[in-house]
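Below, each chain spelled out in residue letters.
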Amino acid sequence: ANQFGMTEALQQLGLAAINEGTSTGNSWFSNGEIIESYSPVDGQLIGKVKTTTKEDYEKVMKSATEAFKTFRLMPAPQRGEIVRQFGQKLREKKEALGKLVSYEMGKSFQEGLGEVQEMIDICDFAVGLSRQLHGLTMHSERPGHRMYEQYHSLGVVGIISAFNFPVAVWSWNTALAWIAGDVCVWKPSEKTPLCGIACQNIIAEVLKENNLPEGISCLINGDYKVGEWMTADVRVPLVSATGSTRMGKIVAQAVAGRLGKSLLELGGNNAIIVTPDADIKMTVIGAVFGAVGTAGQRCTSTRRLIIHESIYDKVKDAIVAAYGQLKIGNPLDQNNHVGPLIDTHAVEMYNKALEKVVAEGGKIIVEGGVLSGEGYESGCYVKPAIAEADNSFEIVQHETFAPVLYLLKYSGEVENAIDLQNGVAQGLSSAIMTNNLREAERFLSVAGSDCGIANVNIGTSGAEIGGAFGGEKETGGGRESGSDAWKVYMRRQTNTINYTTKLPLAQGIKFDL
Ligand code: NAD
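Residues numbered from 1 in each chain as written. Predicted model: local features only at pLDDT ≥ 70, side-chain atom pairs only at ≥ 80, totals over all residues.

Per an unreviewed UniProt entry, the recorded name for the chain is aldehyde dehydrogenase (NAD(+)), and the organism is Flavobacterium lindanitolerans. Listed in UniProt under the heading Sequence similarities (unreviewed entry), the comment for the chain reads: "Belongs to the aldehyde dehydrogenase family." Check the Subunit (unreviewed entry) section of the UniProt entry for the chain; it says "Homotetramer." (UniProt positions renumbered as here; feature names shortened; annotations may be inferred.)

(A) Structural view of helix 6 (residues 168-179). Over its twelve residues, helix 6 extends 17 Å from the first C-alpha to the last, a length consistent with the 16 Å expected when each residue adds 1.5 Å. Judged by how many residues are buried, helix 6 sits mostly within the fold: twelve of twelve residues are covered. Inspection of helix 6 places Ala168, Val169, Trp170, Ser171, Trp172, Asn173, Thr174, Ala175, Leu176, Ala177, Trp178 and Ile179 among the buried residues, and these make up the whole buried set. (Helix = DSSP H or I, 4+ residues; strand = E, 2+ residues; numbered from the N terminus. Expected span 1.5 Å × (residues − 1). Buried ≥ 20, exposed ≤ 12 C-beta atoms within 10 Å, placed from the backbone.)

(B) Region of interest: the environment of Leu136. Summarising the element assignment, Leu136 is placed in the loop between helix 5 (109-129) and strand 5 (137-138). With 10 C-beta atoms counted inside 10 Å, the residue Leu136 sits in the exposed group. Spatially, the C-alpha atom of Leu136 lies 17 Å from that of Tyr489, the residues being 353 residues apart in sequence.

(C) Layout of the sheet that holds strand 6 (residues 145-153). Here we have three strands laid out as an open sheet, ordered 5-6-23, and antiparallel in their pairing. Edge positions in the sheet fall to strand 5 and strand 23 (490-498), since each of these pairs with one other strand and no more. Two elements, strand 5 and strand 6, share two bridges in a ladder whose sense is antiparallel. Opposite Met138, over in strand 6, you have Met147 as the bridge partner. (Pairing = 2+ DSSP bridges.)

(D) Representation of the UniProt feature "active site" (unreviewed entry) in the chain. Using the residue numbers shown here, the UniProt feature "active site" (unreviewed entry) corresponds to Glu265. The topology assignment puts Glu265 in strand 11 (residues 261-265). Non-local contacts of Glu265, meaning those with residues more than four positions away in its chain, are made with Thr242, Gly470, Gly476, Gly478 and Glu480. (Contact = placed C-beta atoms within 7 Å.)

(E) Fine view of the environment of Trp170. Relative to the elements of secondary structure, Trp170 occurs in helix 6. Between the C-alpha atom of Trp170 and that of Pro188, which follows or precedes it by 18 residues, the distance is 8.1 Å. Among residues more than four places away in sequence, those in contact with Trp170 are Ile159, Ser161, Trp186, Pro188 and Cys199.

(F) Expanded view of the UniProt feature "domain: Aldehyde dehydrogenase" (unreviewed entry) in the chain. According to UniProt, the positions carrying the feature "domain: Aldehyde dehydrogenase" (unreviewed entry) are residues 32-494. For the annotated span residues 32-494, helix accounts for 39% and strand for 20% of the residues, and the straight-line distance between the end C-alpha atoms is 45 Å.

(G) Summary view of the confidence of the model for the chain. Summing up the model confidence of the chain, the mean pLDDT is 96 and the portion of residues at 70 or higher is 99%. For this predicted complex, the interface confidence comes out at an ipTM of 0.97, alongside a pTM of 0.97. (pLDDT = per-residue confidence, 0-100.)

(H) Spatial organisation of the sheet that holds strand 11. Taken together, seven strands build an open sheet; the order of strands is 2-1-9-8-7-10-11 and the sheet is mixed. Single-partner strands in this sheet number two, and they are strand 2 (27-29) and strand 11. Each adjacent strand pair in this sheet contributes to an overall mean axis angle of 15°, direction not counted. Of the pairings in the sheet, the one linking strand 1 (residues 22-24) to strand 2 comprises three bridges and is antiparallel in character. By the bridge assignment for strand 2, Thr24 is matched with Ser27. (Axes fitted to C-alpha atoms, helices over the stretch in contact; angles between N-to-C directions.)

(I) The site of the ligand, seen in detail. Around the ligand, the structure places 29 residues, and the nearest of them are Ala162, Gly227, Gly243, Glu265 and Cys299. Secondary structure elements with two or more residues in the shell around the ligand: helix 8 (224-231) and helix 9 (245-257). The residue makeup of the shell around the ligand, split by class, is twelve nonpolar, eleven polar and six charged. (Near = placed C-beta within 6 Å. Nonpolar A, V, L, I, M, F, W, Y, C, P; charged D, E, K, R; others polar.)

(J) Representation of the packing of helix 10 (residues 280-292) against helix 11 (residues 312-324) in the model. Where helix 10 meets helix 11, the axes come as close as 10 Å, and the angle between the chain directions of the two elements is 50°. For the element pair helix 10 / helix 11, the angle class is oblique. By crossing handedness, the relation of helix 10 to helix 11 is classed as right-handed. Facing Ile280, Thr283, Val284, Ala287 and Val288 of helix 10, the residues of helix 11 in contact are Lys314, Val315, Ala318, Ile319 and Ala322. Residue composition of the contact of helix 10 with helix 11, grouped by class: eight nonpolar, one polar and one charged. (Parallel < 35°, antiparallel > 145°, perpendicular 65-115°, else oblique. Left-handed = near helix turned anticlockwise from the far one by under 90°.)

(K) Inspection of the pairing of strand 3 (residues 34-38) at higher detail. As judged from the five bridges shared by strand 3 and strand 4 (residues 45-50), these two strands associate in the antiparallel manner. When the bridges of strand 4 are listed, Ile34 appears paired with Lys50.

(L) Highlighting helix 9. Here helix 9 spans 18 Å end to end across 13 residues, near enough to the 18 Å set by a 1.5 Å rise per residue. Taken residue by residue, helix 9 has Gly248, Val251 and Val255 as its buried positions. The buried residues of helix 9 all sit within an arc of 70° when viewed along its axis, so they share a single face. In helix 9, the exposed residues that point more than 90 degrees away from the buried face are Arg246, Gln253, Ala256 and Gly257. Residues of helix 9 that are buried make contact with strand 7 (156-160), helix 8, strand 10 (238-242) and strand 11. One or two residues past the end of helix 9 sits Leu259, with phi positive at roughly 55°. (Arc of directions from axis to C-beta.)

The following block contains the structure:
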């Protein structure tokens, strides 16, 4: 990896000598077991991180709850200034952080840079938002009364994130939480702990330069057990969790059990509908990038292509031909299109999915397989595969986090394709390729796609930060990032002020003493 400048990148991110993993801003301590982070790119050990113990966790929570008491008093536009400085530091470290994301997670360097760009974009968005945390004013039914609502800071926001967006998801949450006056405690995925440390180093520098309490940004490390401390903790009013539906169901119940708020961003099973009026060239680019980008490990990856029977063979041939062009290899080498899966466990799941689709009656039309030999020593590189399948297959109903694309056929009207697209448990991203206005509008109507994201003539993956991001059904219903997603990070208060000498009651109720 050194030929791609990894050593310099690690140094720039303060990761030259890693042995600690719990942080309240600049103070690092940790007494737990060690997680070793191996790169799926070349199988090399990148670094070691100590996990957080329960005692460490208590120290973090104390620091966070203390920091909240002062941070909430800072005017929101001044908090925006902190986020602006954070965005500036990210611009300076974009290349180094993008490289680390690529090396520790396995996505292409371009996608690693894209992830850091998303962080910069959400910072810019949050800076503007810091002057727009609007509430409404309403007319009171009582004379001489004023009524309005305002948004107050919420407290400690617990962030649990997945391996596949090891830095961006944290910033989607933190940028908004910080301008809202909240403080954050982050548990990154145990599969990408160094990305967590790199991000914490960057924000800690900003906090220090501004003489702000460290506890505004805390980091804890470990597996689900460390996450469970937060989901059970009444000091954490909001838990924002990104990951599998399996995890989300456990987290949702734990947080609801204490009547806390949860923001859930869970699994997808995303489809592109290809109608007879589709532009085939655009369809191929959108579908192939959607299916093989990040080696099929995006929550918005294209899993299913629902193609009209009249153009089925044409689209199929074009996609199969495009798969023939794919170069699989080191994601830091920009000539490659597809990098590795996160680990060998993910490779096993990929193999099982391919076996299962055949066992259920599917037909493999682009062969998969695990690559070995020079450049593939990590054992995590697989060939993107395509199978013709049926929407009712159990494996098609399931999110396999790997580059396996299912081709499904529909006949008749676009409604039939919409039924197939909606006929899964998840509801994250969806797309239609068509130049037919009626079809496009039907897809976007109330009787159309049931997903949180519905695109026309764009693939399923690659959202912008300006819109609210998230999905319905088993995707969990949460919304992050743009639009009014900031509201979940604040508490709403309705205020009524009486400036008369009388005390009229609402609804005209009489009560005289
Ligand atoms: P995962 O569910 O295995 O782990 C995600 C995080 O949850 C990790 O930090 C893990 O330690 C933690 N966790 C697991 N069980 C927990 C528990 N009981 N209590 C508290 N924390 C717990 O997911 P993964 O393999 O890292 O990521 C892949 C999944 O994430 C896919 O399903 C993908 O679709 C989903 N994802 C969704 C979005 C979205 O925005 N909707 C974005 C990225 C990834």
